[in-house]
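Take a look at the letters that make up each chain.
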Amino acid sequence: MGEFVRLEVADGIGTIRLDRPKMNALNVQVQEEIRAAAIEATERDDVRAVVVYGGERVFAAGADIKEMADMSYTDMVKRSGALQSSFGAVARIPKPVVAAVTGYALGGGCELALCADIRIAAEDAVLGQPEILLGIIPGAGGTQRLTRLVGPSKAKDLIFTGRFVKADEALAIGLVDKVVPAASVYDEALAWAGQFTKAASYAIRAAKESIDRGIEVDLETGLEIERQQFAALFATEDRTIGMQSFVENGPGKAEFVGR
């Protein structure tokens with residue numbers, strides 16, 4: 001368990017909890033603790049879905065600018081790959097991942113939220129990629145994941161201007177998937193994640209990999225990725241259970257074992 005990031009597990013759901021007062025600034029230590037929590041969530045069989053949460057006040061207000069201000073070009077050449085891969089560890093969790101966004105999710109905080117499969121935001125949440133105002137660009141996936149999520153023109157608007165986006169606009173452009181009262185954000189995220197605690201985990205994994213890998217390639221290659229994942233699931237015990245249950249009891253009644 002890290003000093004500022006911990007994985008809390010209950011009822012099949014793992015919460016990657018950021019807790020670095022006051023604003024969950026994402027310094028190097030936090031980045032590496034995020035990586036460690038994501039790897040642990042990936043490896044633990046008792047974690048079937050994941051919530052990324054910064055607490056009731058703030059998701060993450062961005063990188064630790066005081067730390068970054070003293071870094072040279074060569075320092076950042078060495079660090080930037082690790083920065084991207086620490087967030088990438090969250091994106092690569094082969095289980096459903098939801099970001100529960102409260103308060104500010106700016107810069108690296110927004111990029112961390114982009115690594116989740118869906119984002120549930122508080123009504124008063126504020127998101128954005130304001131790096132341009134510091135004379136830099138997003139460096140932890142923002143130019144790539146944001147573009148894939150909302151399209152190039154909207155991504156360029158947000159990144160070129162560095163403007164902040166309130167929850168209602170974020171919902172309208174597809175940056176977040178649901179907006180709820182601030183007090184309900186974490187519970188809503190738990191409810192979404194809770195749908196998958198009894199699901200066929202290898203089928204979920206195959207679906208996530210097919211979508212995430214397929215969106216990066218041409219249609220023909222994507223269909224081949226899907227075909228291989230589809231066929232491979234016929235080697236799982238859950239596929240046998242699911243189809244037998246459907247034949248005998250109808251849809252939606254299978255009790256999967258995660259194998």
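Residues numbered from 1 in each chain as written. Predicted model: local features only at pLDDT ≥ 70, side-chain atom pairs only at ≥ 80, totals over all residues. Heavy atoms only, no water.

### Side note on unusual backbone geometry
Right, on to step 1. With omega at 0 degrees, the peptide bond leading from P21 into K22 counts as cis.
Right, on to step 2. Among the structural elements, K22 can be located in the loop between β2 (13-18) and α1 (28-43).
Right, on to step 3. Backbone geometry places D11, a non-glycine residue, at a positive phi of 55 degrees.
Right, on to step 4. Its location among the elements puts D11 in the loop between β1 (5-10) and β2.
Right, on to step 5. For N24, which is not a glycine, the phi torsion comes out positive at approximately 55 degrees.
Right, on to step 6. Its place among the elements puts N24 in the loop between β2 and α1. (Helix = DSSP H or I, 4+ residues; strand = E, 2+ residues; numbered from the N terminus.)

### Considerations on the packing of α1 against helix α3 (residues 73-91)
Right, on to step 1. Taken N-terminus to C-terminus, the directions of α1 and α3 make an angle of 35 degrees; their axes are 8 Å apart at the nearest point. The two elements α1 and α3 meet at a crossing, and its hand is left-handed. From α1, V28, Q31, E32, I34, R35 and A38 reach across to α3, where they touch R79, A82, L83, S85, S86, F87, A89 and V90.
Right, on to step 2. Split into classes, the residues belonging to the contact of α1 with α3 amount to eight nonpolar, three polar and three charged. (Axes fitted to C-alpha atoms, helices over the stretch in contact; angles between N-to-C directions. Left-handed = near helix turned anticlockwise from the far one by under 90°. Contact = heavy atoms within 4.5 Å. Nonpolar A, V, L, I, M, F, W, Y, C, P; charged D, E, K, R; others polar.)

### Side note on empty space enclosed by the protein
Right, on to step 1. By the definition in use, this model includes one cavity of 30 Å³ or more.
Right, on to step 2. Estimates place the volume of the largest cavity at around 60 Å³.
Right, on to step 3. Lining the largest cavity are L26, V28, Q31, A63, D64, E67, M68, M71, M76, R79 and L83.
Right, on to step 4. Listed by contribution, the elements that provide at least two residues to the lining of the largest cavity are α1, α2 (65-69) and α3.
Right, on to step 5. Broken down by element, the residue count for the lining of the largest cavity peaks at three residues, all from α3.
Right, on to step 6. Here the residues of the lining of the largest cavity sort into seven nonpolar, one polar and three charged. (1 Å grid on protein atoms, 1.4 Å probe; cavity = no way out; pocket = protein on both sides within 12 Å on 5 of 7 lines; lining within 4 Å. Points joined across faces, edges and corners; volume = space filled by probe spheres on them.)

### Structural notes on the sheet that holds strand β5 (residues 104-106)
Right, on to step 1. Strand order in the open sheet formed by three strands is β5-β7-β8, with mixed pairing between adjacent strands. Single-partner strands in this sheet number two, and they are β5 and β8 (164-166). Sheet twist, expressed as the average angle between the axes of neighbouring strands with direction ignored, equals 20 degrees.
Right, on to step 2. Relative to β8, strand β7 (residues 126-128) runs antiparallel, the two sharing three bridges. Bridging across to β8, G128 finds its partner in F164. (Pairing = 2+ DSSP bridges.)

### Topic: the layout of surface pockets
Right, on to step 1. Taken as a whole, the largest pocket holds about 950 Å³ of empty space.
Right, on to step 2. Lining the largest pocket are 31 residues, with A91, C115, D117, K208 and D212 sitting closest to its centre.
Right, on to step 3. Mapped by element, the contributors of at least two residues to the lining of the largest pocket are α3, α5 (142-150) and α9 (201-214).
Right, on to step 4. The greatest single-element share of the lining of the largest pocket, amounting to seven residues, is contributed by α9.
Right, on to step 5. Considered class by class, the residues forming the lining of the largest pocket number 15 nonpolar, five polar and eleven charged.
Right, on to step 6. The space that makes up the second largest pocket amounts to roughly 520 Å³.
Right, on to step 7. Lining the second largest pocket are 27 residues, and of these A63, M68, E131, I136 and I137 sit closest to its centre.
Right, on to step 8. Taken together, the elements giving at least two residues each to the lining of the second largest pocket come down to α2, α3 and α4 (108-114).
Right, on to step 9. At four residues, the largest contribution of residues to the lining of the second largest pocket is made by α3.
Right, on to step 10. Considered class by class, the residues forming the lining of the second largest pocket number 18 nonpolar, seven polar and two charged.

### Comments concerning α9
Right, on to step 1. For α9, built from 14 residues, the straight-helix expectation of 20 Å at 1.5 Å per residue is met to within 8% by its first-to-last C-alpha distance of 19 Å.
Right, on to step 2. What α9 keeps buried is the set A206, K208, S210 and G214.
Right, on to step 3. Along its buried surface, α9 packs onto α3, β4 (97-101) and α10 (219-232). (Expected span 1.5 Å × (residues − 1). Buried < 20%, exposed > 50% of the residue type's maximum accessible area, 1.4 Å probe, protein only.)

### A short note on the side chain of S210
Right, on to step 1. Relative to the elements of secondary structure, S210 occurs in helix α9.
Right, on to step 2. The class for S210 is buried, based on a relative accessible area of 16%.
Right, on to step 3. Reaching out from S210, the side chain makes a polar contact with the backbone oxygen of A206 at a distance of 2.8 Å. (Polar contact = N/O pair within 3.5 Å; in protein donor to acceptor, adjacent residues only side chain to side chain.)

Function-wise, these values are silent; they only describe arrangement.
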